[in-house]
Amino acid sequence: MSAEATNPVSAAEDAATDVTVRRRGRGRIDLRRLGRAALLGATAGPALRDRLPDAIGHVAEAHRTHHPEADLTVLRRAYVLAESSHRGQFRKSGEPYITHPLAVTLILAELGAETTTLTASLLHDTVEDTEVTLDQVRREFGDEVAYLVDGVTKVEKIDYGAAAEPETFRKMLVATGNDVRVMSIKLADRLHNMRTLGVMRPEKQARIARVTRDVLIPLAERLGVQALKTELEDLVFAILHPEEYETTRALVAGNPHAPDALGAVAEQVDAVLREAGIGADVLVRPRHFVSVHRVRLKRGELRGCDFGRLLVLVAEDADCYAVLGELHTCFTPVISEFKDFIAAPKFNLYQSLHTAVAAPDGAVAEVLIRTHRMHKVAEAGVVALGNPHGGQETAEQPEGTAPPAERQGTSAERQGTSATPASLVSEDGERVDPTRPGWLSRLLDWQQSAPDPDTFWTSLRADLAEDDEITVFRADGGAPGTISLPAGASCVDAAYAQHGEAAHACLGARVNGRLAPLSTVLGDGDTVQLLLAQDPVSGPSPEWLDHARTPAARIAITGWLRDHPESAAPADPGRRLGPDDRSDNRPDGWSGDRPGTRPEPLPAADRRPGAELHADLDGERPAAVRPAGCCTPVPPDEITGFRVRGGSVTVHRSTCASADAMRRIGRAPVAVRWGDTAQGRVTLVAESFGRPGLLADLTEAIATAGAAVVSATVEPPSEQRVRHTYTLHLPDAAELPALMRAMRDVPGVYDVSRARHRASPRPRPHRT
């Protein structure tokens, strides 16, 4: 994609060489030799026209390793077109430019990519850098290859200016959503460019390395392509943190016998498994430099076994757990290090058992246990899945993933003339990738709401920085039944993931059956029911941005607040309301619990009598009997009375906490009973989610039930929740349950209860 050249003495090149040798145990292909072979192949006579060019011999060999029956004819034709179109172009190192697409294709071939991907990778720069057109690629190689080539082709800088880079990534991500192989080619392209970045200016090296760190490495992680991700990490490490890189490199070089320590443990593990009759390959897997650096920061001084891990490969899933049982039986396990990613795979398809054991000599070794098929997917990720739309060359599917849809036109594709297969097209005519991961679907959704390139670029980096994912379940039974979110997401994020812009009207949520504020952070496996207001004018508050982690939520909230600037005003403090503060006489502009208006002043106290109460004082002089304000008893509550200062009797509900407190301090109860009147006074507390018009709706429900408001208090909103306290006069106290039900039926109200004042704590005895 660019003309970066090789500098053999650069730190990045050294890092690439070290990583390649340590990770794969093979030498680097000589790109200059490939370039000479490409030039010789171009001058070969007609007799050699049908023979596979020598320059792609390494690609063919690697490809046949994974796909023995692959037809290489289309690769030969693609190479001939690529070489002829790039002829005369050179990289800054002086190598023929054709060495770049050759190297990219070799990277993908070694990972097991199928023929269509390799064909597109050979041609991936032709449309961008040569006279070859996309229509020409489509005519000669079919729609699939043309789509992949177009997906990785940069947008014109002359058209987009400074926005060219973010818009190029936007274009690639949209194309990746329809065919994940687009990003596979881009990752291999960036890996080769990072390997050959040495002759660029230091500031350009740093800029490219930062984009690689912030965007492409997280994408490689999410697509599960660990083989590319780890090498990219080391190359970026060498450029952006040269001192730490050199320290880590010296640390690894200063411990040449570190593999021997792991090798000794590996021999013990191998012997244990052979004795148990479990067929397994036990390998020593060295850590790459970034991994060594992280372990050093975590553990301080490193020992021999810290420079790598053991990898145990078996045939079947059940064998993984058999190996785990033997290791935990014959060695001392480090329980805190155990993780089961087979039963619960990572969101990037990764499956493995992780554990750590201490050998008899005290050496602690980390162990990875997986099947051979899991290992292939762990290293190559989506590349190992092959064609996401099906096909004969598709690699094996990993455990726990559905096979792709059956492919149409495979034989035509082998001849390079296939039209777009039916399985690639949705009802609206768009290509559809059946293996598209959930995080990519979310990304494609929110990017449509971020037309501004700066917003998209910032949001993309923030989204990719979230390196873990959770799954929550919908309690409403809707389809799909689960919502995938980044770790640390809140109910706000779940609302926008499920409802889109309709989440502006979200009032709150029930998490695992219990009411929770929108700020609640969700955990993996939680069940969520989101509560939406019926009022179409409801909207989010600025505080929601403090709890939103996903770009989809943040972009939607920011857009709504920008379009409704009045909603960003601070809320009014708590206020007391009069009995006539209802919808028919509220001031102009009053919007329920929204700020900006005040209710009418509190009128004179209500003098209507409450329920009739009598106290049995056994010959004592009569005393005033009144209901307690803490629990406001009404007929037919069970009641008890206590004398208070002044000789009067205060009547409490039998279950009142204040009554219990009086009994504990030795107050004698007084027998009390209800009189003949049915009326009464009660205090109710309504818990609700704030929305416009809520106060009016509540007072209307109270008035409809025939109750009169003596006084009302609305506390300031807290996390979108509002508490209303009403003292009401009831003509018939027996109607109280119906009144409470009517108040609960008001949209936004989630609980109505009788007022319960907490009893004062008992005084503690003085200690000397």
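Note that the structure is predicted; figures quoted are calculated from it, not measured.

S.K.: For the overall build of the protein, give the residues involved together with the corresponding values.
M.R.: Looking only at helices and strands, the protein has 26 helices and 21 strands in total. When the 768 residues of the protein are sorted by exposure, 52% land in the buried category. When the accessible surface of the protein is split by element, carbon and sulfur atoms take 51% of a total near 35000 Å².

S.K.: How would you sum up helix α21 (residues 453–465)? Please name residues and give values.
M.R.: For α21, which comprises 13 residues, the first-to-last C-alpha distance of 18 Å matches the rise-based estimate of 18 Å (1.5 Å per residue) to within 8%. Buried residues of α21: P453, F456, W457, S459, L460, D463 and L464, and no others.

S.K.: With reference to specific residues and values, describe helix α22 (residues 491–499).
M.R.: Helical geometry: 3.6 residues make up each α-helical turn, so side chains three or four residues apart lie on a common side. With seven of nine residues buried, α22 is to be regarded as a mostly interior element. Among all positions of α22, only C491, V492, D493, A494, A495, Y496 and Q498 are buried. For α22, the elements touching its buried residues are β7 (469–474), β8 (482–486), β9 (506–511), β11 (527–532) and α23 (551–563). Trailing α22 by a residue or two, G500 shows a phi angle of about 65°, which is positive.

S.K.: Tell me about the packing of helix α13 (residues 226–240) against helix α14 (residues 242–253), and name the residues and values.
M.R.: Contact pair α13 / α14: the axes reach a minimum separation of 5 Å and the direction vectors enclose 120°. Taken together, the axes of α13 and α14 are oblique relative to one another. Each of D234, F237, A238, I239 and L240 in α13 lies in contact with α14, whose residues at this interface are P242, E244, Y245 and T248.

S.K.: Tell me about the sheet that holds β7, and please be specific about residues and values.
M.R.: Read from one edge of the open sheet, five strands run β8-β7-β11-β9-β10, paired in mixed fashion. Both outer strands of the open sheet, β8 and β10 (514–516), are each paired with one neighbouring strand and no more. Mean inter-strand twist for the sheet, computed between neighbouring axes without regard to direction, equals 40°.

S.K.: Could you give an account of the state of the cysteines, with specific residues and numbers?
M.R.: Here the structure, examined in full by the defined rule, presents zero disulfides. C491 carries a free sulfur, and the closest cysteine sulfur to it, the one in C506, is 7.7 Å from it. According to the relative accessible area criterion, C491 is buried, its value standing at 0%. A relative accessible area of 4% places C506 in the buried class.

S.K.: Report on the packing of aromatic side chains, specifying residues and quantitative values.
M.R.: Per the counting criterion, the structure on display carries five aromatic pairs. Between F689 and Y750, the ring centres sit 4.8 Å apart and the planes meet at 45°, which makes this aromatic pair tilted. Residue F689 is located in strand β18 (residues 680–689), and its partner Y750 is located in strand β21 (residues 749–754); the two are separated by 61 residues in the primary sequence. Through pairs of rings, three or more aromatic residues link up here, namely F237, Y245 and F289.

S.K.: Give me the environment of V59: which residues, what numbers.
M.R.: Mapping V59 onto the fold places it in helix α3 (residues 57–66). When near neighbours in sequence (up to four residues on either side) are disregarded, V59 contacts L102, T105, L106, A109 and L118.

S.K.: Residue-level account of the side chain of Q205, with values.
M.R.: Take Q205: it is sitting in helix α12 (residues 202–222). Its relative accessible area of 13% is what places Q205 among the buried residues. Here L197 takes part through its backbone oxygen, which lies 3.5 Å from a polar atom of the side chain of Q205. Residues contacting Q205, with those up to four places away along its chain left out, are L197, G198, M200 and I239.

S.K.: Residue-level account of the packing of helix α11 (residues 181–195) against α13, with values.
M.R.: At their nearest, the axes of α11 and α13 sit 10 Å apart, and the two run at 35° to each other. Note that α11 runs across α13; the crossing there is left-handed. Contacts from L187, A188, R190, L191, M194 and R195 in α11 reach L228, E231, L232, L235, V236 and I239 in α13. Taken together, the residues of the contact of α11 with α13 sort by class into nine nonpolar, no polar and three charged.

S.K.: So what's going on with the nonpolar core? Which residues, and what values?
M.R.: Within the largest apolar cluster, 84 residues are counted, with the highest numbers of intra-cluster contacts made by L123, M194 and L460. Contacts of L460, omitting those with residues within four sequence positions, involve L173, V215, L443 and W446. Ranked by size, the runner-up nonpolar core spans 27 residues in total, among them V312, V323, L353 and I369.

S.K.: Mind laying out the environment of P166, listing which residues take part and the relevant values?
M.R.: Among the structural elements, P166 can be located in helix α10 (residues 164–178). Between the C-alpha atoms of P166 and L460, which are 294 residues apart in sequence, the distance is 9.2 Å. When near neighbours in sequence (up to four residues on either side) are disregarded, P166 contacts P453, F456 and W457.

S.K.: Describe the side chain of H293, listing the residues and the values that go with them.
M.R.: As for its placement among the helices and strands, H293 is situated in helix α16 (residues 289–299). If sequence neighbours within four positions are ignored, H293 has contacts with F237, E244 and T248.

S.K.: Residues and numbers for the pattern of salt bridges, please.
M.R.: Side chains that differ in charge, positive against negative, can pair when their charged atoms come close. Applying the stated criterion across every chain yields a total of 23 salt bridges. Among the salt bridges present, the one from R195 reaches E231, with a minimum N-O distance of 2.8 Å. Separated by 36 residues along the polypeptide, R195 in helix α11 and E231 in helix α13 bring together distant segments of the chain. As far as burial versus exposure is concerned, R195 and E231 are alike and both buried. Through salt bridges that share partners, E114, E144, D179 and R181 make up one connected network.

S.K.: Any chance you could break down the pairing of strand β5 (residues 353–358) for me, citing the residues and the numbers?
M.R.: Within β5, six of the six residues are buried, leaving the element largely enclosed by the surrounding structure. As judged from the two bridges shared by strand β3 (residues 332–333) and β5, these two strands associate in the antiparallel manner. Paired with T332 across the two strands is A358, which belongs to β5. The sheet contact formed by strand β4 (residues 339–340) and β5 spans two bridges and is antiparallel. In the sheet register, D340 faces β5, and the bridge partner there is L353.

S.K.: Please give an account of the confidence of the model for the protein that cites residues and values.
M.R.: In low-pLDDT segments, the atomic positions of the prediction should not be examined closely. When pLDDT is averaged along the protein, the result is 76; 75% of the residues meet or exceed 70. Note on residues 38–49: pLDDT under 50 across the span, and eight contacts to partners over four residues away in sequence or across chains. Confidence drops under pLDDT 50 across residues 569–609; counting only partners more than four residues distant or on other chains, this segment forms 79 contacts.

S.K.: Break down unusual backbone geometry for me, citing the residues and quoting the values.
M.R.: Located in the positive-phi region is N512, a residue other than glycine, with phi close to 55°. The topology assignment puts N512 in the loop between β9 and β10. Classification of N512 by relative accessible area gives partly exposed; the value is 45%.

The rules behind the values
Residues numbered from 1 in each chain as written. Predicted model: local features only at pLDDT ≥ 70, side-chain atom pairs only at ≥ 80, totals over all residues. Heavy atoms only, no water. Helix = DSSP H or I, 4+ residues; strand = E, 2+ residues; numbered from the N terminus. Buried < 20%, exposed > 50% of the residue type's maximum accessible area, 1.4 Å probe, protein only. Areas by Shrake-Rupley, 256 points an atom, 1.4 Å probe, with all protein chains shown as cover. Expected span 1.5 Å × (residues − 1). Contact = heavy atoms within 4.5 Å. Axes fitted to C-alpha atoms, helices over the stretch in contact; angles between N-to-C directions. Parallel < 35°, antiparallel > 145°, perpendicular 65-115°, else oblique. Pairing = 2+ DSSP bridges. Disulfide = S-S within 2.5 Å. Phe/Tyr/Trp six-rings, centres within 6.5 Å; stacked < 30°, edge-to-face > 60°. Polar contact = N/O pair within 3.5 Å; in protein donor to acceptor, adjacent residues only side chain to side chain. Left-handed = near helix turned anticlockwise from the far one by under 90°. Nonpolar A, V, L, I, M, F, W, Y, C, P; charged D, E, K, R; others polar. Core = buried A, V, L, I, M, F, W, Y, C linked by side-chain atoms within 4.5 Å. Salt bridge = Lys/Arg side-chain N within 4 Å of Asp/Glu carboxyl O. pLDDT = per-residue confidence, 0-100.

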